[in-house]
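One letter stands for each residue in the lines below.
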Amino acid sequence: SEAHRLRVELGPVPLGEVLADAALLLQASADKAGVPLALPPVEAGLPWVRADRTRLIQVLVNLLSNAIKFNRPGGRVEARVLATEDPAGEVAVEIEDTGIGMAEDALARVFEPFERLDTGERRIEGAGLGLALAKRLTELMGGRLTVRSTPGVGTCFSLALHRAEAPASPVAVPASPRTEPLPLQGRVAYVEDDPVNALLVMEWLRLRSSLSLEVFPTAAEARAAAGREAFDLWIIDRQLPDGDGIALLGQLRAAHGRDLHAVVLSADALEEFRDQAKAAGFRGYWTKPIDLDHLLQRIGEALAPRPPLQ
């Protein structure tokens, strides 16, 4: 499965910078929800950790987005960094919300793949897949992801990683994976409403290729974009907040011509959805969770002339 192919590139990562990057991506969501984000300032001299920068951002965005999504109006999300002076010790990032919280039985299942948690007040759709992946990625980076929660009070996730020594010079910090970028060029449209997946794909394509990526969180925004500009490839999630991704391709082709080149990227792996996508004219049906190197390989294949459905 895709989950078994997950890989990480470990090195020293500045915790303050990645926290700021994750928060920046989610600021609009926090503002819309009326949930302030409180983070330690980058200039506070936060420690460095041993991690994969892109994977760490993915985990932090997942935790922060859940803290915003399952909060209450007027609530708050706070990120704290706890570290000892021991250069070989651990650094913990705690992300605490003032949301609906979880009971003990829900806490016991929170990291199970595809678990849909019912808090009693609200059903947490899709939380399980992202949290299961966040835990797996944390463990691949040599860390631990734990949670504590009180119903009606809030939830706190704790991400512990090994401390790393800051490089003597900023030039020594790997700004991208050690492997060379792939010779992929073109414009890609990604129709995806999940900020975790959007950030992950955006960041990885920037680091590993010359592809230009634009993200559209709704079918309506995708339709508007298709009227303004041309893309070499459309990557479309099957479930969108305002429509079905498979149906979206038909709408785009009807409005703008039948030469659109598109694939589905979805957590729904059922054969009937694959058949629907093939009948609709998609050239691939790719499943989540996303393996980044495999995704780049598949994008390369999809950009080649008329690839078969995969």
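Nothing here was measured: the structure is a model prediction, and the numbers come from that model.

Undergrad: Just to check I follow, could you spell out the pattern of salt bridges for this structure?
TA: A side chain with one charge can pair with a side chain of the opposite charge if their charged atoms come near. Enumeration according to the criterion identifies 14 salt bridges in this entry. Between glutamate 214 and arginine 187 there is a salt bridge, with the nearest N and O atoms lying 2.6 Å from each other. Placement of glutamate 214 in strand S11 (residues 210-216) and of arginine 187 in strand S10 (residues 185-191) is noted, with a sequence separation of 27 residues between them. A relative accessible area of 27% places arginine 187 in the partly exposed class. Across the pair arginine 238 and aspartate 268 runs a salt bridge whose closest N-O atoms are separated by 3.0 Å. You can see arginine 238 sitting in the loop between strand S12 (233-236) and strand S13 (239-240) and its partner aspartate 268 sitting in the loop between strand S15 (262-266) and helix H8 (271-280), a full 30 residues away along the chain. Summarising the burial analysis for this pair, arginine 238 and aspartate 268 share the class buried. Each of the salt bridges in this network shares a partner with another, and the network as a whole consists of Arg76, Glu78, Arg80, Glu94, Glu96 and Arg148.

Undergrad: Help me understand the pairing of strand S8 (residues 144-150), please; the structure alone is not making it clear to me.
TA: Two faces make up the sheet, and in a regular strand the side chains alternate between them. Bridge count for S8 against strand S9 (residues 154-164) is 7 bridges, and the pairing is antiparallel. Bridge assignment links threonine 150 to a residue of S9, and that residue is glycine 154. The turn joining S8 and S9, which pair antiparallel and follow one another in sequence, is formed by 3 residues; a positive phi near 80° is taken by glycine 152.

Undergrad: Even after reading the chapter, I still don't get helix H1 (residues 15-33), so can you show me in this structure?
TA: At 3.6 residues per turn, the α-helix brings residues three or four places apart onto the same side. Its 19 residues place the ends of H1 26 Å apart at the C-alpha level, agreeing with the 27 Å of an ideal helix rising 1.5 Å per residue. Along its length, H1 shows its largest kink, about 50°, at leucine 26. The complete set of buried residues in H1 reads Leu15, Gly16, Val18, Leu19, Ala22, Ala23, Leu26 and Ala30. Positive backbone phi, at 70°, marks glycine 34, one or two positions downstream of H1.

Undergrad: Help me understand the nonpolar core, please; the structure alone is not making it clear to me.
TA: A general trend in soluble globular proteins is that nonpolar side chains are found buried together. Within the largest apolar cluster, 43 residues are counted, with the highest numbers of intra-cluster contacts made by Val49, Leu56, Leu60, Val77, Ile95 and Leu159. A total of 9 residues in this core trace back to one element, the largest contributor, which is helix H2 (residues 53-69). The residues contacting isoleucine 95, other than those within four sequence positions of it, are Leu60, Leu63, Leu64, Ala67, Val77, Glu78, Ala79, Thr155, Cys156 and Phe157. Ile246, Leu249, Leu260 and Val264 belong to the second largest nonpolar core, which has 22 residues in total.

Undergrad: How should I be thinking about the packing of aromatic side chains in this particular structure?
TA: What characterises a pair of aromatic rings is the spacing of the ring centres plus the angle enclosed by the ring planes. Within this structure, the stated rule accounts for 4 aromatic pairs. When the ring of phenylalanine 216 is compared with that of phenylalanine 231, the centres are 5.9 Å apart and the planes differ by 80°; the resulting orientation is edge-to-face. Placement of phenylalanine 216 in strand S11 and of phenylalanine 231 in the loop between helix H6 (219-228) and S12 is noted, with a sequence separation of 15 residues between them. Through successive ring pairs, a cluster of aromatic residues spans Phe216, Phe231 and Trp234.

Parameters and conventions
- Residues numbered from 1 in each chain as written.
- Predicted model: local features only at pLDDT ≥ 70, side-chain atom pairs only at ≥ 80, totals over all residues.
- Heavy atoms only, no water.
- Salt bridge = Lys/Arg side-chain N within 4 Å of Asp/Glu carboxyl O.
- Helix = DSSP H or I, 4+ residues; strand = E, 2+ residues; numbered from the N terminus.
- Buried < 20%, exposed > 50% of the residue type's maximum accessible area, 1.4 Å probe, protein only.
- Pairing = 2+ DSSP bridges.
- Expected span 1.5 Å × (residues − 1).
- Bend = angle between axes of the 7 residues up to and from the residue.
- Core = buried A, V, L, I, M, F, W, Y, C linked by side-chain atoms within 4.5 Å.
- Contact = heavy atoms within 4.5 Å.
- Phe/Tyr/Trp six-rings, centres within 6.5 Å; stacked < 30°, edge-to-face > 60°.

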